Amino acid sequence: MSRRIVGVAAAVLALLLALVVTAQPARVPAPERNDETGLAFPDTIGPARKVGSTDYGQSNGAPELGYAWNYETQAITTTFYIYNFGIAEIPPGARGAVVLTQFQQAIADIEIGAKAGRYEQLKPSQGPGDCTVGTMIFRCITFTAVLPKEKRPVFTRLFVTGYRNYVLKIRQDWPQNAPAATREVDAVIQTFANSASP
């Protein structure tokens with residue numbers, strides 16, 4: 001009788017695992033070139049290599065959430081997002097109402113992440129303000145924080161701008177007191193901005 005119970009329990013467990021696996025939407029990668037904006041996301045940007053991407057329209061059935069591309073070096077992470085939330089016209093640059101709203105929402109998301117345990121001691125260190133990189137003008141802010149598991153001090157930086165009727169948002173994390181990592185995050189942003197057409 002105990003073998004039968006174990007067999008039934010194993011079958012139920014296998015069924016539950018199958019349901020969990022099928023319930024998760026498959027992550028569909030984003031294209032290397034975003035047709036809507038003309039922005040390219042090749043295998044490397046500056047010193048960082050692409051480690052993944054997501055097409056939220058195909059992965060989650062939410063095309064208004066757009067796309068994300070993730071890049072890393074040993075020290076830094078950079079994620080690029082392009083989306084429009086279904087808004088037909090988004091003015092270019094850092095000062096349109098949509099961009100300012102998205103900038104404030106992204107700051108709120110960072111603060112929520114800190115409250116949920118992603119960061120400790122989160123504080124603004126530069127900005128908010130406008131940042132010019134190449135020909136692009138972003139609304140930007142940099143925070144200092146501590147990663148709770150390693151107790152490692154980091155910077156986390158946010159850039160948001162309007163670009164060809166889309167919101168372009170960039171998030172970067174890198175260690176404090178690491179001049180090489182600071183050069184890497186700057187090189188990624190500069191390389192990306194130089195590749196974008198005005």
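Residues numbered from 1 in each chain as written. Predicted model: local features only at pLDDT ≥ 70, side-chain atom pairs only at ≥ 80, totals over all residues. Heavy atoms only, no water.

Draft legend 1. Molecular detail of the packing of aromatic side chains. Counted according to the given criterion, the structure contains nine aromatic pairs. Relative to Phe192, the ring of Phe80 has its centre 4.6 Å away and its plane inclined at 40 degrees; by these criteria the two rings are tilted. Of this pair, Phe80 sits in strand E4 (residues 77-83) while Phe192 sits in helix H4 (residues 179-195), and the two are 112 residues apart along the sequence. For the pair Phe80 and Phe192, one class covers both residues: buried. Put simply, the rings of Phe41, Tyr67, Trp69, Tyr71, Phe80 and Phe192 pair up and form one aromatic cluster. In this structure, Lys169 is placed above the aromatic ring of Tyr81, and the distance from its NZ or CZ to the ring centre is 4.7 Å. (Phe/Tyr/Trp six-rings, centres within 6.5 Å; stacked < 30°, edge-to-face > 60°. Helix = DSSP H or I, 4+ residues; strand = E, 2+ residues; numbered from the N terminus. Buried < 20%, exposed > 50% of the residue type's maximum accessible area, 1.4 Å probe, protein only. Lys NZ or Arg CZ within 6 Å of the ring centre and 35° of its normal.)

Draft legend 2. Fine view of the pattern of salt bridges. All told, the structure shown has eight salt bridges when counted by the stated rule. Between Asp35 and Arg33 there is a salt bridge; the shortest N-O distance is 3.3 Å. Ionic pairing is found between Asp186 and Arg157, a salt bridge with its closest N-O pair at 3.2 Å. Of this pair, Asp186 sits in helix H4 while Arg157 is found in strand E7 (residues 152-163), placing the two residues 29 residues apart along the sequence. Here Arg157 falls in the buried class, since its relative accessible area comes to 12%. Here the residues in one salt-bridge network are Arg95, Asp130 and Arg139, joined through shared partners. (Salt bridge = Lys/Arg side-chain N within 4 Å of Asp/Glu carboxyl O.)

Draft legend 3. Spotlight on the sheet that holds E4. On the basis of which strands lie adjacent, the open sheet formed by eight strands has the order E1-E2-E3-E4-E8-E7-E6-E5 and antiparallel pairing. Edge positions in the sheet fall to strand E1 (44-45) and strand E5 (120-133), since each of these pairs with one other strand and no more. As judged from the nine bridges shared by strand E6 (residues 136-147) and E7, these two strands associate in the antiparallel manner. Bridging from a neighbouring strand, Cys140 pairs with Phe159 of E7. The strands that helix H3 (residues 97-115) touches are E4, E5, E6, E7 and strand E8 (166-175); relative to E7, the one it contacts most, it runs at about 160 degrees. (Pairing = 2+ DSSP bridges. Contact = heavy atoms within 4.5 Å. Axes fitted to C-alpha atoms, helices over the stretch in contact; angles between N-to-C directions.)

Draft legend 4. Representation of the pairing of E8. Most of E8 is tucked away, with 10 of its 10 residues classed as buried. A two-sided burial pattern is seen for E8, the buried positions comprising Tyr166, Leu168, Ile170, Gln172 and Trp174 on one face and Val167, Lys169, Arg171, Asp173 and Pro175 on the other. Across seven bridges, E4 lies against E8 in antiparallel orientation. Among the inter-strand pairings, Tyr81 is bridged to a residue of E8, identified as Lys169. Counted between consecutive antiparallel strands, the loop separating E7 from E8 contains two residues, among which Arg164 sits at a positive phi close to 50 degrees.

Draft legend 5. Layout of H3. The end-to-end C-alpha distance of H3, which contains 19 residues, comes to 27 Å, matching closely the 27 Å that a straight helix rising 1.5 Å per residue would cover. When we look at burial in H3, the residues that qualify are Val98, Val99, Gln102, Phe103, Ala106, Ile107, Ile110, Gly113 and Ala114. The inward-facing, buried residues of H3 abut E4, E5, E6, E7 and E8. (Expected span 1.5 Å × (residues − 1).)

All we've got here are geometric facts, nothing functional implied.
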